[in-house]
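Architecture and fold: a report
Letter by letter, the chains look like this.
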Amino acid sequence: MGKSSKDKRDIYYRLAKENGYRARSAFKLLQINEHFNIFKDVRNVVDLCAAPGSWSQVLSQQLIKEGDQHPPKIIAVDLQAMAPLPGVIQYQGDITKTSTAEKIISHFQGGLADLVVCDGAPDVTGLHDMDEYIQAQLLLAALNITTHILRTGGTFVAKIFRGKDITLLYAQLKLFFKTVTCSKPRSSRNSSVEAFIVCQDYSPPEGYVPSMVNPMMDLSYSMHLLLTILTLKDEANPLVGPNRMIVPFIACGDLEGFDSDMTYPLPVLPDGSEYQSLEPHQAPIAPPYQTFLDLKRSNFFNKGV
Ligand code: SAM
């Protein structure tokens with residue numbers, strides 16, 4: 001019952017398993033691409049915060065053509081270990097650490113990426129301002145790496161939490177990209193504050209020298225956010241009045257397509273039999289709950305310890 005009720009609740013969870021994706025997130029990237037055509041002419045791509053790897057799967061399927069002598073380079077990075085994927089180079093590391101950024105950058109050996117995507121999400125604490133702040137820091141770390149490796153005209157896509165500081169993030173991203181759009185794929189639940197910022201046409205300010213010490217992560221920026229969190233007032237936001245920008249917002253994904261907030265009945269199979277719930281395509285290889293499962297299997301909890 002548990003499994004089938006979950007399947008009914010979440011159509012994209014079920015579709016991910018049917019289509020062999022490691023996570024339902026795959027549909028978010030596919031729907032973003034449907035609208036923004038971000039995969040066009042992409043040869044080098046970096047997938048930041050990639051585990052368990054459904055975005056890398058999409059990238060590998062969409063970009064690598066059979067028989068290609070020089071297939072596109074796909075680099076995936078995450079804190080967590082990730083099961084291998086064809087054509088995907090993997091690094092395990094923290095994207096906020098300079099050493100990880102340097103590793104990614106060195107991999108390009110002076111070459112440049114056409115696309116950088118980041119679906120990074122910290123472990124949420126439930127304190128919305130804090131979660132939003134950590135998410136913003138993850139985004140800025142991703143942008144920091146991006147400024148080192150993205151070619152002029154390239155694209156950067158990253159997950160954000162739509163909060164009161166989105167105007168500040170937007171203003172900062174606008175310094176680097178000609179077009180910045182906030183988009184919400186249909187596969188992303190309406191109930192979630194998650195959205196994706198699609199930054200196109202990379203054109204850094206003249207004279208900008210990428211540095212691991214990103215001025216956007218400096219004290220004044222952090223202090224502003226901290227002040228906002230502590231006072232719970234938005235007045236600390238330096239973008240007020242006419243300077244406060246309106247972020248263009250686009251819902252993407254076929255409007256006739258599945259709605260992630262709807263409940264759908266399980267389909268009856270063509271031979272008339274009942275739908276059988278599928279196992280995840282790639283189970284986590286080192287989940288945090290593994291120790292508990294091992295103890296349970298060893299009958300630890302029944303030994304009266
Ligand atoms: N896009 C992935 C997919 O399609 O399978 C899902 C990504 S999951 C929502 C978020 C990931 O962000 C987690 O795997 C987590 O380990 C990673 N993450 C969070 N903070 C990170 C950091 N500082 N450096 C690297 N990865 C990080």
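Refer to the preceding data block for the structure.
In this report, we go over the structure that sits alongside the text. (Residues numbered from 1 in each chain as written. Predicted model: local features only at pLDDT ≥ 70, side-chain atom pairs only at ≥ 80, totals over all residues. Heavy atoms only, no water.)

1. Description of the overall build of the protein chain
Along the backbone of the protein chain there are nine helices and eight strands. Counting only residues that meet the buried cut, the protein chain has 45% of its 305 residues in that class. Restricting to contacts in the protein chain with at least 6 residues of sequence separation, those with at least 24 account for 72%. Summed over its atoms, the accessible surface of the protein chain is roughly 16000 Å², and 57% of this surface lies on carbon and sulfur atoms. (Helix = DSSP H or I, 4+ residues; strand = E, 2+ residues; numbered from the N terminus. Buried < 20%, exposed > 50% of the residue type's maximum accessible area, 1.4 Å probe, protein only. Contact = heavy atoms within 4.5 Å. Areas by Shrake-Rupley, 256 points an atom, 1.4 Å probe, with all protein chains shown as cover.)

2. A few points about the pairing of strand S4 (residues 113-118)
In terms of burial, S4 is a largely internal element, six of the six residues being buried. Bridging between strand S1 (residues 44-48) and S4 involves four bridges; their strand directions are parallel. Bridged to Val 46 within S4 is Val 116. Across five bridges, S4 lies against strand S5 (residues 150-161) in parallel orientation. Opposite Leu 115, over in S5, you have Thr 155 as the bridge partner. (Pairing = 2+ DSSP bridges.)

3. Describing the pattern of salt bridges
For the coordinates displayed, the defined rule picks out eleven salt bridges. In this structure, Arg 14 engages Glu 18 in a salt bridge whose closest nitrogen and oxygen atoms are separated by 3.7 Å. With Arg 14 and Glu 18 both in helix H2 (residues 11-18), this residue pair falls four residues apart, about one helical turn. Among the residues examined, Arg 14 registers a relative accessible area of 4% and is labelled buried. (Salt bridge = Lys/Arg side-chain N within 4 Å of Asp/Glu carboxyl O.)

4. Quick word on the side chain of Arg 24
Mapped onto the secondary structure, Arg 24 falls in the loop between H2 and helix H3 (26-36). Among the polar contacts made by the side chain of Arg 24, one reaches the side chain of Asp 10 at a distance of 2.8 Å. A polar contact is formed between the side chain of Arg 24 and the backbone oxygen of Ser 187, at a distance of 3.0 Å. (Polar contact = N/O pair within 3.5 Å; in protein donor to acceptor, adjacent residues only side chain to side chain.)

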